[in-house]
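Residue-level structural notes
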Amino acid sequence: MSDESDKPANPLHLHLSSGPHIFSGRSTAQIMWMVNLSLLPALLWAWAVFGWAVLAITLSSILGCVIAEYAVCRIAKTASTIADGSAVCSGLLLAYTLPPGMPIWMPFIGGMLALIFTKGIFGGLGYNIFNVALVGRAMMMATFPVEMTTRWLTPALGKADAVSAATFLGQIKLGGQEALTKMLAALPDGGQLWFEFFLGMRAGSIGEVSVLMILLGAAFLLWKGIIKLYIPLSILVGVALMAPFSPAPAIYMLSGGLWLGAFFMATDYVTSPTQPRGQIIFGLGIGLLTGIIRNWGGYPEGICYAIMLMNILTPALNDWFRPKRLTAGGAPS
Amino acid sequence: MSLFSWHKSALPTFSRGGVHPEEHKGLTENLPIETFIPTTVSIPVSQSLGAPAEPLVAKAAMVKRGDVIATVPGGGLSLHAPISGIVKSVQTGPHPTLVHDTTITILAKSAEGDPEFAEQPGWQTLAIPQMLDRIKEAGVVGLGGAAFPTYRKLMLPKDAKVDTLVINGSECEPYLTCDYRVMLEESERVVLGSWVIAKIIGVKNCVIGIESNKQPAAEQMRKTIAALGMEAMDPAVKMSVVVTETKYPQGSEKQLVQSLTGRLVPKGGLPLHVGVVVQNVATAVACLDAVRNRKPVIERVLTVSGAGIKNPKNLRVPIGTSVEDIILHCGGYNGDVVKILFGGPMMGRTIADLDVSVTKGTSGLLFLTEAETNLNSYQPCISCGECLDACPMGLEPNRVSQYIEVNRPLETEQFGVKECFECGCCSYSCPSHRPLVQFMQVAKAAYRRQERKAK
Ligand code: SF4
Ligand code: SF4
């Protein structure tokens, strides 16, 4: 052996661990921030048709969630998790379910309460049973019932001061076929209907007005492999099965938070089943429940409660629908 | 990944799970095998599964390359001197997997009349028990990493109905290219060695499975089978080469058997139970050397790679060559090495000591920098299901990990812990970087403890 100084030194920080030692490169934070990115088209659209208030409401909701998450981490004496993007995501989604004419301080309170009661006291990301944004919306419905159901705005591209309006589903719920006919008569023609709903020139919650923008974001997530179609498609099928019971099936399908809920809330990893068969049952359940709530329940929009109801079933669905083992047999033959 | 999988791969592969890690094989795949003989070797006496061997030599003894230096009392595998020289010490030393083991250190000293291991006449017509004896004598173990004594695997139980030999040239671990180089450069030995094994277990069918990222090796093997006139030499054994999809863990026995024969090994069973024996290409070469040349396993080819080593290589080294000598031979470190691995990056083990030496089962020596691995801490499970999609056995590592975290290891059998072969696909895919394999190991250890207590 040559001179001692030629000897390679043992690197000081050799790590010991079991395998594997390489990883796919995808991280939880990366996934959450990609989801946040995919939500931006809907926000930009809402800003364009409803004005600056939309951005203020969204910011307020995000701040509520992020500050609450930070506080929870401080109290639990764990490392801050706000950088993982999930609190921001909850804030964004909560804001998307709110009327654009809502007082700006309310989403802040709603976001804080949602985060603390859904995630914080259950132990943080991964341990929550319910979708954080949906709990936030439900709490706000209970706390601020008037603001949550009346502060709608009429969309107006480029017009600064929007006027208040009512949502289609709300009208149908209240006045049935008669109200609908009246509203439809006010529209220029039938083609307009698609324009109003699919592109998004109608009254509605911030993130739900434009189905097109929601689908843009969803396409990005599908392309990146972050969500799969099992849940959203089964929800749409479930709702479609209930549509014939409504006075206006087309509006039924193109309206409300259906698309936002189907692609962005029901697909939340933590609160939805992991296996395709479980996901299909989960989605169908949400779709059918949405229809039941809309047709016979107390709310014009049913998807939020439908998702939360099915969230409860998620652990059971994961128990019932398990991955198929490669080796089915018992003892070797 | 997609909802409808109409675009099934045309190449044969296993039915579920698996991952496509970055290959990193370009670092070494075009480098011919280079021989390196250090001035000292340290051989831990435990080189295979089973009872430990006991040293037969003492300090200051002279040994010749190929002499028996340790053996298992009562007839297990013997260990041979990898180089000629003088025994410097017999004492406790580091071991890549057992941590510590009795180690024989030999200082090289060129000796007159080093054995040549020439071809033994009549080897082709030896009776099967004699062939088996030679394989046992030579200390052949599975060189793919498992290090199971090969003669034991080839001594089939009386009632076994085996019809197919699978020669495993998958080398599905990233970075590793030693089997690839062996198939390219020593294809004759691989083919003849496969024939020897087929002869011993008495099968008609011998399939060599190679992943599609190693097409040149597949072509080389096909050419060699034709050039050697294997069909004319022994019409009773039909040899073929099958190119499989490149997907980790293609080289795992159960997965490869399914890819090549469509047969599913039953739970807790072996390929044997569905009529298949699997041997790695390097093991086939060792069997040929044993039967044809009576040459024991005293050296092996391994891949030295990773961004953390200056000159990555495919090296043929004597068993017992130390990590330190290999680092020196390969030009030293390159940047900040955070992990040194024995084996591939999916299933390999980390070592902490540069005195550790190459054993019969060492297929790779990797020097990973921080950019190549991930040292971040892990996060809670977000139930994304990635690990469930990735597991080739259809197990539920996410559930196991959650049970381990609340200290309920003995309730995890329902999620398949006992079927886990620690391939690492689950942890590889987990966005929360959960050490799922480690959780599986913890669960398995708890069951082992329980079984021991019950006895
Ligand atoms: S390590 Fe075990 S649980 Fe994980 S993917 Fe491999 S077999 Fe499945
Ligand atoms: S991949 Fe990780 S985060 Fe996803 S389900 Fe499995 S353990 Fe949980």
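Residues numbered from 1 in each chain as written. Chains lettered and ligands numbered in written order. Predicted model: local features only at pLDDT ≥ 70, side-chain atom pairs only at ≥ 80, totals over all residues. Heavy atoms only, no water.

To continue, consider the sheet that holds strand S8 (residues 99-108) of chain B. In a beta sheet, neighbouring strands pair by backbone hydrogen bonds and run either parallel or antiparallel. Residues and elements named next belong to chain B. Read from one edge to the other, the open sheet built from four strands follows the order S2-S8-S7-S4, with strand pairing classed as antiparallel. Because the sheet does not close on itself, it has two edges, and the strands there are strand S2 (40-44) and strand S4 (62-63). As defined by bridge partners, S4 adjoins strand S7 (residues 85-95) across two bridges and the pair is classed as antiparallel. Its bridge partner being in S7, Met62 is matched across the sheet by Ile86. (Pairing = 2+ DSSP bridges. Helix = DSSP H or I, 4+ residues; strand = E, 2+ residues; numbered from the N terminus.)

Moving on, we get to the site of ligand 1. Residue and element names in this part refer to chain B. In the neighbourhood of ligand 1, 14 residues make up the surrounding shell, with Cys391, Cys420, Cys423, Gly424 and Cys426 lying closest. Looking at the shell around ligand 1, the elements with two or more residues in it are helix H12 (425-429) and helix H13 (436-454). The class makeup of the residues in the shell around ligand 1 is 12 nonpolar, one polar and one charged. (Near = heavy atom within 4 Å. Nonpolar A, V, L, I, M, F, W, Y, C, P; charged D, E, K, R; others polar.)

Along any regular strand the residues' side chains alternate between the sheet's two faces. All names here are of chain B. Taken across its five residues, S2 has four buried, putting it largely inside the fold. Pairing geometry for S2 and S8, over five bridges, is antiparallel. Note that in S8 the partner of Pro44 across the bridge is Thr103. (Buried < 20%, exposed > 50% of the residue type's maximum accessible area, 1.4 Å probe, protein only.)

If you look at the interface, chain B gives 74 residues, while chain A gives 48 residues. Both sides together, the interface formed by chain B and chain A hides about 5100 Å², and carbon and sulfur atoms give 57% of it. The interface formed by chain B and chain A includes four salt bridges. We note a salt bridge from Glu419 of chain B to Arg325 of chain A, for which the minimum N-O separation is 3.1 Å. Seen at the junction of chain B and chain A, the total is 22 residue pairs in polar contact (both at pLDDT 80 or more). Of all the secondary-structure elements, those providing two or more residues to the side of chain B that touches chain A are helix H7 (253-261), helix H9 (323-329), strand S15 (337-342), strand S16 (349-350), helix H10 (386-390), helix H11 (397-405), H12 and H13 of chain B. Ranked by residue count, the leading element in the side of chain B that touches chain A is S15 of chain B, at five residues. (Contact = heavy atoms within 4.5 Å. Buried area = accessible area lost by both parts, 1.4 Å probe. Salt bridge = Lys/Arg side-chain N within 4 Å of Asp/Glu carboxyl O. Polar contact = N/O pair within 3.5 Å; in protein donor to acceptor, adjacent residues only side chain to side chain.)

Another point: the domain arrangement of chain B. Bring the parts together and some accessible area is lost; that lost area is often taken as the interface size. Residue and element names in this part refer to chain B. Domain annotation for chain B reports domain 1 (122-293) and domain 2 (386-454). Counting residues at the interface gives six residues for domain 1 and six residues for domain 2. Together, the buried faces of domain 1 and domain 2 total about 470 Å²; carbon and sulfur atoms form 66% of this surface. (Domains from an automatic or database assignment.)

All names here are of chain A. Given a rise of 1.5 Å per residue, 24 residues ought to cover 34 Å, and the 35 Å separating the end C-alpha atoms of helix H2 (residues 53-76) matches this to within 8%. Buried residues along H2 sit in contact with helix H1 (28-50), helix H3 (86-96) and helix H4 (105-119). Positive phi appears at Lys77, one or two residues downstream of H2, with a value of about 55 degrees. (Expected span 1.5 Å × (residues − 1).)

Formed by 85 residues in total, the largest nonpolar core has its most connected members in Tyr96, Ile235, Phe264 and Ile286 of chain A. The element best represented in this core is H1 of chain A, accounting for 11 residues. Here Phe264 of chain A is in contact with Val35, Ser38, Leu39, Leu93, Ile214, Gly217, Ala218, Leu221 and Trp259 of chain A, once residues within four sequence places are set aside. If you look at the next biggest cluster of nonpolar residues, it comprises 55 residues, including Ile167, Ile201, Ala282 and Ala286 of chain B. (Core = buried A, V, L, I, M, F, W, Y, C linked by side-chain atoms within 4.5 Å.)

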